[in-house]
Every structure is written in C-alpha cells, then in structure tokens.
Amino acid sequence: MSEQEQIRYLPFHAINEFMLDEYREKVVRFVFENLGNLSSSRRNGILSIFKKQVKIPGFRDSSLAPLPLKIKQGIVLFQKNADFVAQVLQAWVELHHDLKERVHAMLVSRGWNKLLPPELDRSKLPGFRVEWPKSETYEVLDQSFYEQNPGVEAPNDDIRLMVVWLVNALPYELFEENSN
C-alpha cells in the first residue's frame, strides 16, 4: 500500500470539536464582515453554499439577509457542512496574510517539511489529516511563534487555527516522531 493510500482524513467540519463556541463565532463573523475584501470566486463560493443550505424567513435569497442573521445561520452551517467550513477557513486565512506567512515560516523552522505551499487553496483538499506529532502541542507552537516574531501580537486561537489550516491536520491521533 502506498503512502498516499494510508493517509486518513476527517471532514473539515470536524474542526468544530477543537473550537470553542465563542471562537467559532468570531471566525464566522470576521469572514462575513470582510466578504467585500475577498476575491469574487472566494466570496461566491461562500455565498453559494450559504444560499443553497440556509433558508431565512422573509428572504428568497438568504445571502441578502442582514449581517447578524447571516452570521447566526453561518455559525450553524459551519458546524455541519464541510464545504462551508473549507470555504470560510480558506477565506479567513486569505484575510490574515501576514499571520499566514509568519506561521508558515515558524512551521518550516520547526521541521514541518511536508507542508504544502502557503498560497495553496486547501479548501480543495478532502479534509484534515488525523496524524499530529505529539511533541508539537499548541503551547509549544505558540511559544515558538512569539519567539520568532517578537513584538507581533496575535491571539493564540488565531495562531492555532492558522497552524491547523497550514499543516492540514488536526491533533486527533498523536504520534511520536522518529529521530532519523
């Protein structure tokens, strides 16, 4: 069996098991508030899924509802629709370009050698890989980020979400790294 056949994935909405409710709302809110700053293809990807999956009373087109209603329904959709999660998270990453570059550089310096290019659209992947190095805890990664980026202020949750998205994995199955 090839290495490709052995890779296992969780659907993108599995990330909800790793997110606090308040942070999930913050991410969805940020993306909906910044739809105008996204490329038309990303914006259309989000709104297309939203229109197909969400019905808001009084609106034939749910994407035309007021922002608070879209955010509320977007949070619900984020919890159950893998494609919507993928589009929202890719949009969130695109809106945090500086953080993406800094986190990617930190991961490379820590030896995450099998990283995909930071500009790659990960929403097209089948989901999150399940393997995660046991030694790479969120606390260790946070500390490494701040050591490499003195004076940069970023919430730990943002650093962690960026790490998860860039490495395309969730800390679901922890493994010991080989020292080869």
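All values derive from a computational prediction rather than experimental measurement.

## Thoughts on the packing of aromatic side chains
Overall, the coordinates contain nine aromatic pairs when judged by the stated rule. On the basis of an interplanar angle of 85° and a centroid distance of 5.0 Å, the ring pair of Phe12 and Phe128 is categorised as edge-to-face. Residue Phe12 is located in the loop between β1 (9-10) and α2 (21-33), and its partner Phe128 is located in strand β2 (residues 128-133); the two are separated by 116 residues in the primary sequence. Residue classification places Phe12 among the buried residues on the basis of a relative accessible area of 3%. On the basis of an interplanar angle of 80° and a centroid distance of 5.5 Å, the ring pair of Phe145 and Tyr146 is categorised as edge-to-face. The exposure class assigned to Phe145 is buried, which follows from its relative accessible area of 0%. One aromatic cluster is present, formed by Phe12, Phe128 and Trp165 through successive ring pairs.

## Describing the side chain of Arg24
In this fold, Arg24 is placed in helix α2. With a relative accessible area of 4%, Arg24 lands in the buried category. Within the structure, the side chain of Arg24 is placed 3.5 Å from the backbone oxygen of Met19, a separation counted as a polar contact. Here the side chain of Arg24 touches Asp21 through a polar contact of 2.8 Å, side chain to side chain. In this view, Arg24 contacts Asn16, Met19, Ile75, Phe78 and Gln79; residues no more than four positions away in its chain are not counted.

Cut-offs and rules
Residues numbered from 1 in each chain as written. Predicted model: local features only at pLDDT ≥ 70, side-chain atom pairs only at ≥ 80, totals over all residues. Heavy atoms only, no water. Phe/Tyr/Trp six-rings, centres within 6.5 Å; stacked < 30°, edge-to-face > 60°. Helix = DSSP H or I, 4+ residues; strand = E, 2+ residues; numbered from the N terminus. Buried < 20%, exposed > 50% of the residue type's maximum accessible area, 1.4 Å probe, protein only. Polar contact = N/O pair within 3.5 Å; in protein donor to acceptor, adjacent residues only side chain to side chain. Contact = heavy atoms within 4.5 Å.

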